[in-house]
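Analysis of the macromolecular model
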Amino acid sequence: TMKHDRISMNPDVMFGKPVIKGTRITVEHILRKLSAGQSADEILADHPHLTREDVLAAAGYAADYMAREEVAFEADISSASPTNIRDAGSNDGSG
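Let me sum up the structure you'll find in this document. In this convention, every chain numbers its residues from 1, walking through the sequence in written order. A pLDDT threshold of at least 70 governs which residues receive local features in this predicted model, and a stricter bar of 80 or more applies before side-chain atom pairs are shown or counted, although totals over entire chains, interfaces and linings include all residues. As a rule here, side-chain values come from all non-hydrogen atoms in the structure, and water together with hydrogens is ignored.

**Focus on unusual backbone geometry**
Here Met-14, not a glycine, exhibits a phi torsion of approximately 50°, which is positive. Numbering of helices and strands runs from the N terminus, with a helix taken as a DSSP run of H or I at least four residues long and a strand as a DSSP run of E at least two residues long. Inspection of the secondary structure assignment puts Met-14 in the loop between β1 (7–8) and β2 (19–20). Classification of Met-14 as partly exposed rests on a relative accessible area of 27%. Phi at Phe-15 is positive, roughly 60°, even though this residue is not glycine. Looking at where Phe-15 falls in the secondary structure, it is placed in the loop between β1 and β2. Relative accessibility decides the category of a residue: with a 1.4 Å probe and only protein chains considered, values under 20% of the type maximum give buried, values over 50% give exposed, and everything between is partly exposed.

Shown next, in the form of structure tokens:
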């Protein structure tokens, strides 16, 4: 995994969420702007104290975070119990 020098977490800042070091701008905030279609340049215009490297660091942190996550699939039949399979079958409220 990468070392994330531009990202910090402190329980006293933004409830301990990862932020761009020295700011209260969360990695999540940057990712939401990117996912809404904003470019790095638009984010930098909104937050002139950030750098392009800060925006890239947020994306890199998120990628490393996701790489460590275990992914569970709701309808994974190979590991599902009979109860889970039955409950996953219908959304009509009957079971």
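**As for helix α1 (residues 27–35)**
Those residues of α1 that sit buried are Val-27, Ile-30 and Lys-33. Down the axis of α1, the buried side of the element spans an arc of 130°, and every buried residue falls inside it. Turned more than 90 degrees away from the buried face of α1, the exposed residues are Arg-32 and Ser-35. As used here, the arc is the angular range of directions from the helix axis to the C-beta atoms.

**Notes on the pattern of salt bridges**
Take a side-chain nitrogen of Lys or Arg and a carboxyl oxygen of Asp or Glu: if they are within 4 Å of each other, that pair is a salt bridge. For the structure on display, the rule yields 6 salt bridges. Its salt-bridge partner being Asp-54, residue Arg-6 comes within 2.9 Å of it at the nearest N-O pair. Remark: Asp-54 occurs in helix α3 (residues 52–68) and Arg-6 occurs in the segment before β1; sequence separation between them is 48 residues. Between Asp-46 and Lys-33 there is a salt bridge; the shortest N-O distance is 3.0 Å. Here Asp-46 is found in helix α2 (residues 40–46), whereas its partner Lys-33 is found in helix α1, with 13 residues between them in sequence. With relative accessibility at 15%, the residue Lys-33 sits in the buried group. Taken together, the shared-partner salt bridges connect Lys-17, Glu-28 and Arg-32 into one network.

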